[in-house]
Amino acid sequence: MNVTQQILNGLVIGHSYALIAIGWTVLLGVAKLVNFAHGQMYMLGAFVTWSAISQFGLPYFLAIPTAMIVGVAVAFLMQRVMLGLTLKQDLVSIMIVTLGFGHVLHGAAGLIFGSTGKLLDTPFSLRDVYYEDLWFTHQDILIVVVTVLVFLMLKLALDRTTMGRYARMVAEDPDLARLDGIDVRKVYFGVFAFQGAAVALAAAMVAPRTPILTSMGFEEVIITFAVVVLGGIGSVWGSYVAGVALGMFTAFFGALVSPAYTTAAMFVVLLTLLVLRPGGLAVGPGGR
Amino acid sequence: MKIDLGLPFALAAIVIGYFLPSLLGGSSAIYSAFLLIAIFAVMSYGLDLIVSDMGEVSLAHPVFFAVGAYTTAILSVRHGVGPAGTLLATIGVSLLFAVAMGLITLRLREFVFSLVTYSVAVVALTVAQNWNFLGGSDGITGLPAFEIGLFGFEFSAMTDRELWPVGFLLLLVTLYVVAAFRRSRLGHAAMTVHLNQKLAIMSGIDPQRTRMYVFLVSAPITASAGWLYAYQRAYVSADVLSAYFLLLMLTAVVLIGRRVLLAPLLGVTVILFQEKFMSFGGYIDRIILGCALIVVLAFIPGGLIGAFRTLRQRLRRPSPKQALEAR
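Everything numeric here is computed off the predicted structure, so don't read it as measured data.

Looking at the pairing of strand E2 (residues 153-157) of chain B
Residues and elements named next belong to chain B. Across the 5 residues of E2, 0 count as buried, placing the element largely on the outside. In terms of strand pairing, strand E1 (residues 146-150) meets E2 through 5 bridges, oriented antiparallel. Counterpart to Phe-146 in the pairing with E2 is Ala-157.

A word on the packing of helix H10 (residues 236-256) of chain A against helix H11 (residues 262-276) of chain A
Axes are the key here: two packed helices are described by the angle between their axes and the distance separating the axes. Residues and elements named next belong to chain A. Taken N-terminus to C-terminus, the directions of H10 and H11 make an angle of 130°; their axes are 10 Å apart at the nearest point. As the angle between them shows, H10 and H11 are arranged oblique. Classified by chirality, the crossing of H11 by H10 is right-handed. Residues Leu-246, Phe-249, Thr-250, Phe-253 and Gly-254 of H10 pack against Thr-262, Ala-265, Met-266 and Val-269 of H11. A class-by-class count of the residues in the contact of H10 with H11 yields 6 nonpolar, 3 polar and no charged.

Here we look at the interface of chain B and chain A
On the side of chain A, 35 residues touch chain B, which itself brings 33 residues to the contact. Among the residues forming the side of chain B that touches chain A, the class breakdown is 24 nonpolar, 5 polar and 4 charged.

Some thoughts on unusual backbone geometry
One non-glycine residue with positive phi stands out, namely Ala-234 of chain B, at about 65°. We note that Arg-259 of chain B has phi near 55°; this positive angle belongs to a residue other than glycine.

Focus on helix H3 (residues 61-79) of chain B
All names here are of chain B. Between its first and last C-alpha atoms H3 spans 26 Å; for 19 residues at 1.5 Å apiece the expected length is 27 Å, and the two agree. Across the 19 residues that make up H3, a large majority, 15, are buried. Looking one or two residues beyond H3, the residue adopting positive phi is Gly-80, at roughly 65°.

A few points about the environment of Phe-192 of chain A
Residues and elements named next belong to chain A. Topologically, Phe-192 is positioned in helix H8 (residues 184-206). For Phe-192, a count of 27 C-beta atoms within 10 Å gives the class buried. The spacing of Phe-192 and Val-228 is 36 residues in sequence and 16 Å in space, taken between C-alpha atoms.

Rules and cut-offs
Residues numbered from 1 in each chain as written. Chains lettered and ligands numbered in written order. Predicted model: local features only at pLDDT ≥ 70, side-chain atom pairs only at ≥ 80, totals over all residues. Buried ≥ 20, exposed ≤ 12 C-beta atoms within 10 Å, placed from the backbone. Helix = DSSP H or I, 4+ residues; strand = E, 2+ residues; numbered from the N terminus. Pairing = 2+ DSSP bridges. Axes fitted to C-alpha atoms, helices over the stretch in contact; angles between N-to-C directions. Parallel < 35°, antiparallel > 145°, perpendicular 65-115°, else oblique. Left-handed = near helix turned anticlockwise from the far one by under 90°. Contact = placed C-beta atoms within 7 Å. Nonpolar A, V, L, I, M, F, W, Y, C, P; charged D, E, K, R; others polar. Expected span 1.5 Å × (residues − 1).

Following this line, the structure appears as structure tokens:
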């Protein structure tokens with residue numbers, strides 16, 4: 001085994017995990033909401049990017065915002081349908097409804113894009129870098145750079161802007177925030193829109209690494225769940241660190257044991273942690 | 001609305017139910033649909049106890065269904081065990097899984113509980129696809145016919161029509177168990193924990209133990225549906241862990257109404273009727289099933305029965321003018 005190569009793989013996989021999970025981190029941290037359609041929204045983001053490039057001939061840098069707009073639209077629609085449940089904080093029903101949305105997205109994507117696998121090639125994914133016995137693509141570099149930028153911007157937005165302050169207030173106490181004149185609905189819509197845009201961006205970045213299928217998306221939910229819980233629910237920095245750590249784990253487990261069982265192994269790690277600390281490595285609401 | 005069936009009425013319903021497929025023409029498509037309705041209804045009743053009575057969402061129930069199907073397939077194909085033996089083994093293995101799952105999730109609640117159970121289902125799918133012991137991606141093929149020969153009683157079933165009595169009997173036993181559970185002390189304890197955990201603890205009910213016991217009742221029910229499903233299909237693959245079964249169970253449980261004995265059966269009937277006789281192809285059927293689930297939970301949380309009740313109350317309520325005249 002080439003250790004340096006695996007560390008490199010782990011870094012790239014880890015940053016992609018963190019990027020896939022970022023929307024959920026905010027969703028759970030600010031709005032205390034979960035979205036099981038997350039994986040199918042990832043799938044949709046990948047296919048919209050593919051379609052924009054291969055069917056409509058758009059350049060990659062325009063295909064990305066297209067996918068993000070579709071992601072925001074889907075998130076907006078979901079939140080519109082679930083608004084009553086969100087305001088009641090009826091988590092049990094919200095979870096099942098988002099599962100339903102995932103099923104609908106899966107069906108709709110199958111209808112539009114068919115059931116065969118597609119290759120999502122970008123100008124970056126086709127350019128390889130060979131350095132001594134190491135190999136990576138320009139897409140890999142892009143993933144790491146974009147992930148770091150997104151995390152920095154989110155951190156600044158949550159800490160320094162009015163919007164971020166409102167979001168943290170709603171996370172702390174929705175009722176009190178309402179008394180202060182904050183429109184809680186707008187914050188929920190904003191958080192959902194961010195999740196939709198972020199997961200579509202993640203798909204446009206990460207999906208070119210493997211062939212894409214409309215049936216994918218289930219493992220992405222597990223990855224996201226692991227990142228969010230290991231990172232301390234709602235913590236932005238925690239998610240980044242947990243993402244990179246899980247990426248390393250995946251790279252080495254895949255190389256040393258078996259790539260087929262990485263998700264299962266990741267889940268066992270997560271379970272062990274949850275059994276030892278049922279609340280996860282929880283931090284305060286809207287935490288840092 | 002509490003439906004008190006009464007014994008004669010229940011017996012009449014059972015007799016009519018048994019002969020319903022032949023009353024509807026008795027084609028093999030009808031028998032297949034009825035058998036699948038019975039199997040999937042039994043599968044859904046296991047989840048019904050967790051969702052309607054415990055008030056939590058287990059997304060791992062497809063795993064219990066798969067445990068039944070795989071246990072049956074492995075024992076009958078590789079070891080030549082008959083249906084009675086595979087049923088006993090199914091119940092035993094599903095209890096072991098339920099204990100394991102119950103212990104792991106003992107202290108988890110709400111969304112962490114649901115996420116862990118969901119992860120169990122997804123991980124089980126990847127394991128089933130890759131592990132040779134479970135047949136890998138090919139699954140296990142060539143299940144023998146359903147043949148029982150006990151104490152001079154001979155029964156053999158090859159087709160769905162011949163399996164229908166088994167499916168119907170399994171459904172009746174399940175209905176009886178669910179009804180008995182709801183009357184039992186455990187059923188009452190589960191409802192108390194669901195509605196008011198603090199009150200439950202003050203009344204001396206241990207919520208964690210209650211949840212574990214409810215799991216132990218629920219898992220074998222869903223697993224026994226997997227047992228019959230294996231014989232019906234004659235092969236078992238990782239498909240039994242697909243999201244379809246989860247969505248089917250959840251929709252069947254919430255569609256008609258909570259804590260109504262026949263609701264999951266009616267829910268499954270509605271869904272399968274659409275899929276078997278009014279299908280628009282796999283993708284659109286998937287959209288319909290997902291939308292049904294979304295619409296019920298977001299807009300008619302009481303299910304169709306709840307919506308019907310609200311409507312009836314509105315119709316009955318006299319207008320203000322009538323109310324004045326009535327004085």
